[in-house]
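# Coordinate analysis (summary)
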Amino acid sequence: MGLGEGGEVAQGCLMIIAVDGPTASGKGTIAKAIAAHFGVPCLDTGLLYRAVGWHVAQTGGDPDNAQDALAACAFPEELLDNPELRNEATGGLASRVSVHPEVRAALLERQRAFANQPGGAVLDGRDIGTVIAPDADVKLFITASVTARAERRWLEMTGREMEISRDEIEHDIAMRDARDTQRKDAPLRAAPDALVMDTTALGRDEAIAAAIAAVEGATS
């Protein structure tokens with residue numbers, strides 16, 4: 001793996017960057033910025049689980065039922081462009097369907113194929129560095145306190161004129177953390193060789209700069 005003079009991935013090289021972390025930690029924003037900086041595509045893997053959760057609910061299935069959730073993995077591709085996938089309710093559904101090993105297995109190869117495309121890619125999620133791309137060139141684990149993450153999500157949602165309390169968001173985040181870290185298959189955790197970044201006290205631009213510097217340091 002190598003970088004060109006402008007920081008982009010050199011032709012013929014493969015650079016895979018895994019960005020993991022809990023909800024609202026800033027991992028999605030950081031992953032997109034890293035991808036833009038190095039000139040590689042980016043996949044928000046959580047969006048796949050959101051699509052499954054949304055699809056199972058819309059088709060009358062039960063997100064806590066493994067077979068219903070597995071059937072919803074055959075969601076139409078255009079669903080990934082649906083803005084409703086970004087709302088808090090859909091995030092909760094995603095957390096519920098993601099506990100099923102059958103669902104994780106169904107989406108596994110889709111994510112690995114994206115990671116191993118020519119030139120490589122950036123993937124953000126909860127098990128990229130541990131399961132999807134354990135041999136990634138760089139692994140980041142982005143975290144922050146529950147209070148800080150709830151505040152960020154509340155500001156984001158109220159900015160979209162959605163009425164919800166910070167306490168409600170904080171409770172939901174804590175519940176999702178518990179499901180994600182305690183599930184039997186591919187639990188949320190930092191890979192042993194991941195660079196852990198706590199963004200609690202960092203602004204958006206500071207966190208992005210720190211992450212890009214970490215990747216550059218790891219690949220130099």
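Higher on the page you've got the structure.
Now for a quick tour of the structure. (Residues numbered from 1 in each chain as written. Predicted model: local features only at pLDDT ≥ 70, side-chain atom pairs only at ≥ 80, totals over all residues. Heavy atoms only, no water.)

## Structural notes on the layout of surface pockets
Rolled over the atoms, a probe as big as a water molecule pinpoints where empty space is left. Within this model, the largest pocket holds a volume of roughly 860 Å³. Lining the largest pocket we find 38 residues, and of these Ala24, Gly26, Lys27, Gly28 and Arg153 sit closest to its centre. Of all the secondary structure elements, the ones that give two or more residues to the lining of the largest pocket are α1 (27–38), α2 (45–58), α4 (88–97), β3 (120–125), α7 (146–159), α8 (166–182) and α9 (204–219). Of the residues contributing to the lining of the largest pocket, the split by class is eight nonpolar, 13 polar and 17 charged. (1 Å grid on protein atoms, 1.4 Å probe; cavity = no way out; pocket = protein on both sides within 12 Å on 5 of 7 lines; lining within 4 Å. Points joined across faces, edges and corners; volume = space filled by probe spheres on them. Helix = DSSP H or I, 4+ residues; strand = E, 2+ residues; numbered from the N terminus. Nonpolar A, V, L, I, M, F, W, Y, C, P; charged D, E, K, R; others polar.)

## Points about the sheet that holds strand β5 (residues 195–198)
Ordered by their spatial adjacency, five strands build an open sheet running β2-β3-β1-β4-β5, and the pairing between neighbours is parallel. Each having just a single partner strand, β2 (42–44) and β5 make up the two edges of the open sheet. Pairs of neighbouring strands in the sheet enclose a mean axial angle of 20°, with direction left out of account. Pairing of strand β4 (residues 138–143) with β5 involves four bridges; the strand directions are parallel. Each bridged residue has a counterpart across the sheet, and for phenylalanine 141 the counterpart in β5 is valine 196. Each of β1 (15–20), β4 and β5 is contacted by α9, which is oriented at about 155° to β4, the strand it contacts most. (Pairing = 2+ DSSP bridges. Axes fitted to C-alpha atoms, helices over the stretch in contact; angles between N-to-C directions. Contact = heavy atoms within 4.5 Å.)

## A few points about the pairing of β1
The element β1 is largely enclosed, with a buried count of six among its six residues. What you see with β1 is no split at all: Met15, Ile17 and Val19 on one side and Ile16, Ala18 and Asp20 on the other are buried throughout. (Buried < 20%, exposed > 50% of the residue type's maximum accessible area, 1.4 Å probe, protein only.)

Nothing here speaks to function; it is all geometry.
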